[in-house]
Amino acid sequence: MLRIASPLLCAALTILATAARAEQLLIDEDFEGTFTDSGLPAGWGDNSRTWADLDVEYRGSSDDPHGGKACQQIICGRLDSGAVQLIPVAPTPLKRGRIYRVRAWLKGDVGPVALQSRQTPSPYRVYVEDGIEVGPKWRQLDYFWTSTVDDPGARFMLRFTSEGNLWVDDIVVEG
């Protein structure tokens, strides 16, 4: 007798097969490299200071990283308008129909934190975004999505909109 797998099982197998052949699209995603004078590792940048009205500082932190020896600390001392936006300097290209996995470990006191992929430049259309409320213990944000666009210049971004401290570690964008 021929049996057909359930749609849920088929979806799970597709995700597992995709994850097995996925490539990591970020550099120094575990924040274990050398931190520059700006407090960011090579390959990462701030996308806030040129348009938002805020005071933000970045530091490499060895106090209680999620994994390894270090993590990224973001300190927002003032946020009158806009958002704190941490980005990889290189684009994260998207291919229509490809399944992507986005994952990060976060903790802090800044409220909700979002991980998104969006269009660059204007009109900055958000292709996908998911977020979590952070707290004093490490929490993982992890999601899969299928791209509906081909965009070789797409931008990955970590984003939040309140004052406080955020620690980030082990960011993965695979596709």
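Residues numbered from 1 in each chain as written. Predicted model: local features only at pLDDT ≥ 70, side-chain atom pairs only at ≥ 80, totals over all residues. Heavy atoms only, no water.

Regarding its fold elements, the protein presents one helix and ten strands. Across the 175 residues in the protein, those meeting the buried criterion constitute 45%. Residue pairs at least 24 apart in sequence account for 73% of intrachain contacts in the protein once pairs closer than 6 positions are excluded. Here the protein displays about 9200 Å² of accessible surface, and carbon together with sulfur accounts for 53% of that area. (Helix = DSSP H or I, 4+ residues; strand = E, 2+ residues; numbered from the N terminus. Buried < 20%, exposed > 50% of the residue type's maximum accessible area, 1.4 Å probe, protein only. Contact = heavy atoms within 4.5 Å. Areas by Shrake-Rupley, 256 points an atom, 1.4 Å probe, with all protein chains shown as cover.)

Looking now at the pairing of strand β4 (residues 84-88). Within β4, five of the five residues are buried, which leaves the element mostly enclosed by the surrounding structure. On β4, burial covers both faces: Val 84, Leu 86 and Pro 88 on one face and Gln 85 and Ile 87 on the other are all buried. Across three bridges, strand β1 (residues 44-46) lies against β4 in antiparallel orientation. Residue pairing across strands places Gly 45 opposite Ile 87, the latter belonging to β4. (Pairing = 2+ DSSP bridges.)

A few words now on the sheet that holds strand β3 (residues 71-81). Spatially, five strands are ordered β2-β3-β10-β5-β8 in an open sheet, and the strand pairing comes out antiparallel. Two strands close off the open sheet at either side, each with one partner strand: β2 (53-61) and β8 (139-146). Strand-to-strand twist of the sheet, defined as the mean angle between neighbouring strand axes without regard to direction, takes the value 25°. In terms of strand pairing, strand β5 (residues 99-108) meets strand β10 (residues 164-174) through seven bridges, oriented antiparallel. (Axes fitted to C-alpha atoms, helices over the stretch in contact; angles between N-to-C directions.)

Turning our attention to the pattern of salt bridges. In total, this model carries six salt bridges according to the counting rule given. Ionic pairing is found between Asp 55 and Arg 78, a salt bridge with its closest N-O pair at 3.0 Å. Of this pair, Asp 55 sits in strand β2 while Arg 78 sits in strand β3, and the two are 23 residues apart along the sequence. Measuring nitrogen to oxygen at the nearest pair gives 2.5 Å for the salt bridge that ties Asp 142 to Arg 101. On the criterion of sequence distance, the pair formed by Asp 142 in strand β8 and Arg 101 in strand β5 is long-range, its members being 41 residues apart. Relative accessible area serves as the criterion here: at 30%, Asp 142 is assigned to the partly exposed category. (Salt bridge = Lys/Arg side-chain N within 4 Å of Asp/Glu carboxyl O.)

Attention shifts here to the sheet that holds strand β6 (residues 112-118). As summarised here, the arrangement of the five strands in space is β1-β4-β9-β6-β7, forming an open sheet in which the pairing is antiparallel. Every interior strand has two partners, whereas the edge strands, β1 and β7 (126-133), have only one. In this sheet, adjacent strand axes meet at a mean angle of 20° when their direction is disregarded. Pairing of β4 with strand β9 (residues 155-160) involves three bridges; the strand directions are antiparallel. Paired with Val 84 across the strands is Phe 160, a residue of β9.

Under the criterion given, the structure shown has two cavities of 30 Å³ or more. There is about 50 Å³ of room inside the largest cavity. Taken together, Leu 25, Thr 92, Leu 94, Tyr 100, Val 102, Ser 117, Trp 145, Phe 156 and Val 173 form the lining of the largest cavity. Across the lining of the largest cavity, the residue classes tally to seven nonpolar, two polar and no charged. (1 Å grid on protein atoms, 1.4 Å probe; cavity = no way out; pocket = protein on both sides within 12 Å on 5 of 7 lines; lining within 4 Å. Points joined across faces, edges and corners; volume = space filled by probe spheres on them. Nonpolar A, V, L, I, M, F, W, Y, C, P; charged D, E, K, R; others polar.)

Let us look at the confidence of the model for the protein. This prediction gives the protein a mean pLDDT of 89; 87% of its residues lie at or above 70. Per-element confidence in the protein ranges from a low mean pLDDT of 45 for helix α1 (residues 7-21) to a high of 98 for β3. Between residues 1-20, whose pLDDT stays under 50, and residues either more than four places distant or in other chains, the model counts four contacts. (pLDDT = per-residue confidence, 0-100.)

Another point: the environment of Tyr 100. In this structure, Tyr 100 sits in strand β5. Take Tyr 100: its relative accessible area is 1%, and that puts it in the buried class. A sequence separation of 72 residues divides Tyr 100 from Val 172, and the C-alpha atoms of the two residues are 9.9 Å apart. With residues near it in sequence (within four places) discarded, Tyr 100 still touches Leu 25, Pro 93, Leu 94, Lys 95, Tyr 143, Phe 144, Trp 145, Ser 147, Glu 174 and Gly 175.

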